[in-house]
Amino acid sequence: MSGKQNSAVGEQSPAGPKKATKAPKSESRLAMIRRARRINRELAEVYPYAHPELDFENPFQLLVATVLSAQTTDLRVNQTTPALFAKYPTAEDMAAAAPEELEAIIRPTGFFRAKAKSLIGLSTALRDNFGGEVPGRLKDLVTLPGVGRKTANVVLGNGFGVPGLTVDTHFGRLVRRWKWTEQEDPEKVEAEIAEIFPKSEWTMLSHRIIFHGRRICHSRKPACGACPIAHLCPSYGEGETDPEKAKKLLKYEMGGQPGQRLSPPPDYPGKPAPTLGEAE
């Protein structure tokens, strides 16, 4: 583990974060953009190892894993996909799957009947319309069964290196808390955030925000007192502000617990996730 990673994980100290200063109600758009870009820069220092938290080896695996991640955790998907890809390594294989056999494998991810239908449908479309390969264009990806704009952006950004914003629940929650937007609709959120940051930042910005939402800025009880960007947050105080109490709310590597990937990147400073059946 590098020193930079050590410092990132050790960012949460008993002394707490810098003193929070709420953004003024009359904050101009230019000031908001400057604050937003500063948050992104500081998150890059906290999470230099930010990455997609689904295990995958190619665009097809990423596409399938992302579809499976709906209404469940990335951890549960990662624990399920090794057996899935061992049995169905290609789109052609999955297109020919018996629904009941596919359902049995993906059952741990929930909503397994609907997900199996989507997986067989998208695999059939890949086989019949794209030569069995995942297309690298958003307009093609969203034609696949079970694939919406969010899933398409995940695949483009992490499977093809095409910049995209992943507006999941964490992303939407945080950008509203930070007053970057008031929109609730994911596509409108994506459009407004895209105007704030250069395209080259979109994919990594998404990873950093989602990392922060999962580890510190939680939905019901954000760990405000352990947040390294509290001084830039206009919503500081919505969660626990006592540094010691807030530190106990930290999750994954920030809280000394395993991450969500069974095979995390080499620079990940936390522990790999347990396989299915191991103590979690």
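Not measured: the values here are computed from a predicted model. (Residues numbered from 1 in each chain as written. Predicted model: local features only at pLDDT ≥ 70, side-chain atom pairs only at ≥ 80, totals over all residues. Heavy atoms only, no water.)

As for the overall build of the protein chain
Point 1. Within the protein chain, the regular secondary structure consists of 13 helices and 0 strands.
Point 2. Its helices and strands taken in sequence order, the protein chain reads α-α-α-α-α-α-α-α-α-α-α-α-α from the N to the C terminus.
Point 3. Taken over C-alpha atoms, the radius of gyration comes to 20 Å for the protein chain, in line with the 19 Å a tight globule of 280 residues would show.
Point 4. Its C-alpha atoms give the protein chain principal-axis dimensions of about 60 × 40 × 30 Å.
Point 5. Looking at the 280 residues of the protein chain, the share that counts as buried comes to 50%.
Point 6. Sequence-distant contacts in the protein chain: of pairs separated by 6 or more residues, those separated by 24 or more amount to 64%.
Point 7. As displayed, the protein chain has an accessible area near 13300 Å², and 51% of this comes from carbon and sulfur atoms.
Point 8. Seen as two clouds, the 39 positive and the 33 negative side-chain charges of the protein chain have centres 6 Å apart. (Helix = DSSP H or I, 4+ residues; strand = E, 2+ residues; numbered from the N terminus. Rg over C-alpha atoms; globule rule 2.2 N^0.38 Å. Buried < 20%, exposed > 50% of the residue type's maximum accessible area, 1.4 Å probe, protein only. Contact = heavy atoms within 4.5 Å. Areas by Shrake-Rupley, 256 points an atom, 1.4 Å probe, with all protein chains shown as cover. Lys, Arg positive; Asp, Glu negative; His and termini not counted. Charge placed at Lys NZ, Arg CZ, Asp CG, Glu CD.)

Some thoughts on the packing of aromatic side chains
Point 1. By the definition in use, this model includes 6 aromatic pairs.
Point 2. Arranged with centres 5.3 Å apart and planes meeting at 50 degrees, the rings of Trp 180 and Phe 197 form a pair that is tilted. Of this pair, Trp 180 sits in the loop between α10 (169-177) and α11 (186-194) while Phe 197 sits in the loop between α11 and α12 (202-215), and the two are 17 residues apart along the sequence. Each member of the pair, Trp 180 together with Phe 197, is buried.
Point 3. Put simply, the rings of Tyr 47, Tyr 49, Phe 211 and Tyr 268 pair up and form one aromatic cluster. (Phe/Tyr/Trp six-rings, centres within 6.5 Å; stacked < 30°, edge-to-face > 60°.)

With respect to the side chain of His 207
Point 1. One can find His 207 in helix α12.
Point 2. In this structure His 207 touches Ala 50, His 51, Pro 52 and Asn 158, once residues within four positions along its chain are discounted.

Digging into the pattern of salt bridges
Point 1. Per the stated rule, a full pass over the model turns up 15 salt bridges.
Point 2. The partner of Arg 149 in a salt bridge is Glu 190, with the nearest N and O atoms 2.7 Å apart. Placement of Arg 149 in helix α9 (residues 149-160) and of Glu 190 in helix α11 is noted, with a sequence separation of 41 residues between them.
Point 3. Look at Arg 149 and you get partly exposed, because its relative accessible area is 34%.
Point 4. Its relative accessible area of 12% is what places Glu 190 among the buried residues.
Point 5. The closest approach of N and O atoms between Arg 176 and Glu 184, which form a salt bridge, is 3.7 Å.
Point 6. By relative accessible area, Glu 184 is classed as exposed at 58%. (Salt bridge = Lys/Arg side-chain N within 4 Å of Asp/Glu carboxyl O.)

Observations regarding unusual backbone geometry
Point 1. At Gln 71, a residue that is not glycine, the phi angle is positive and equals roughly 60 degrees.
Point 2. Of note, Gln 71 is situated in the loop between α3 (59-68) and α4 (74-87).
Point 3. By relative accessible area, Gln 71 is classed as exposed at 67%.
Point 4. Its identity as a non-glycine residue notwithstanding, Phe 111 has a phi of 45 degrees, on the positive side.
Point 5. Following the sequence through the fold, Phe 111 ends up in the loop between α6 (99-106) and α7 (112-129).
Point 6. Looking at Phe 111, the relative accessible area reads 57%, which means it is exposed.

Regarding the packing of α3 against α9
Point 1. The N-to-C vectors of α3 and α9 enclose an angle of 150 degrees; their axes lie 10 Å apart at closest approach. Overall, the two elements α3 and α9 adopt an arrangement that is roughly antiparallel. Along this stretch, α3 crosses α9, giving a crossing that reads as right-handed. Contacts between α3 and α9 involve Pro 59, Leu 62, Leu 63, Thr 66 and Val 67 from the first element and Thr 151, Val 154, Val 155, Asn 158, Gly 159 and Phe 160 from the second.
Point 2. Of the residues contributing to the contact of α3 with α9, the split by class is 7 nonpolar, 4 polar and no charged. (Axes fitted to C-alpha atoms, helices over the stretch in contact; angles between N-to-C directions. Parallel < 35°, antiparallel > 145°, perpendicular 65-115°, else oblique. Left-handed = near helix turned anticlockwise from the far one by under 90°. Nonpolar A, V, L, I, M, F, W, Y, C, P; charged D, E, K, R; others polar.)

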